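The primary structure of each chain is shown beneath.
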Amino acid sequence: LDGGFDTGLVTDAASGDEFYRISYRRRTSIDSTLVTYMSQDLKNWFPAPMVVEEVIPEEGDTGFETVILRSTFPLPDERVFFEVRTYQKPISDFGF
């Protein structure tokens with residue numbers, strides 16, 4: 001990952017439900033996985049199911065792209081916290 005995250009809410013026009021949305025910039029040459037977790041108490045964390053809405057390559061040959069994710073569930077009425085973790089493949093997975 002390179003740079004920061006942009007987070008916010010997106011409202012479904014048909015249902016009026018609000019969904020969590022996150023976008024981030026990443027290098028296309030690094031094999032990594034981004035996992036989003038959620039919590040209602042900041043103590044117990046659970047994977048937050050997200051779907052990739054869009055992957056936008058940067059113009060030119062920069063080696064970067066922007067990924068936009070959205071939660072697969074409407075946000076509950078009570079307060080919810082999100083945490084993002086990035087995992088890279090161990091070096092042994094690359095055949096070294």
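Just above sits the structure.
Quick caveat: nothing in here was measured; it's all calculated off a predicted structure. (Residues numbered from 1 in each chain as written. Predicted model: local features only at pLDDT ≥ 70, side-chain atom pairs only at ≥ 80, totals over all residues. Heavy atoms only, no water.)

## With respect to the side chain of E65
Among the structural elements, E65 can be located in strand β6 (residues 64-71). Within the local environment of E65, its side chain forms a polar contact with the side chain of R26, the two groups lying 2.7 Å apart. Not counting residues up to four positions away in its chain, the partners in contact with E65 are Y24, R25, R26, T28, V55, I56, P57 and E58. (Helix = DSSP H or I, 4+ residues; strand = E, 2+ residues; numbered from the N terminus. Polar contact = N/O pair within 3.5 Å; in protein donor to acceptor, adjacent residues only side chain to side chain. Contact = heavy atoms within 4.5 Å.)

## Comments concerning the pairing of strand β3 (residues 32-39)
Of all eight residues that make up β3, six are buried, and the element is covered over most of its length. As paired elements, β3 and strand β7 (residues 81-88) share eight bridges and run antiparallel to each other. Bridge pairing links T36 to V84 in β7. As defined by bridge partners, β3 adjoins strand β4 (residues 46-47) across two bridges and the pair is classed as antiparallel. Residue pairing across strands places Y37 opposite P47, the latter belonging to β4. Adjacent in sequence and paired antiparallel, β3 and β4 are bridged by six residues, among which L42 carries a positive phi angle near 65 degrees. (Buried < 20%, exposed > 50% of the residue type's maximum accessible area, 1.4 Å probe, protein only. Pairing = 2+ DSSP bridges.)

## A few points about the sheet that holds β3
Judged by pairing direction, the sheet is antiparallel, and its three strands sit side by side in the order β4-β3-β7 without closing on themselves. This sheet does not close on itself; its edge strands, each paired only once, are β4 and β7.

## Things to note about unusual backbone geometry
With phi around 65 degrees, L42 is a residue other than glycine that occupies positive phi space. You can see L42 is positioned in the loop between β3 and β4. On the accessibility criterion, L42 (49% relative accessible area) is partly exposed.

## Quick notes on the sheet that holds β6
Reading across the sheet, the four strands line up as β1-β2-β6-β5 and stay open at both edges, with antiparallel pairing between neighbours. The open sheet has two edge strands, β1 (5-11) and β5 (50-57), and neither has a second partner. Neighbour to neighbour, the strand axes of the sheet diverge by 25 degrees on average, direction disregarded. (Axes fitted to C-alpha atoms, helices over the stretch in contact; angles between N-to-C directions.)

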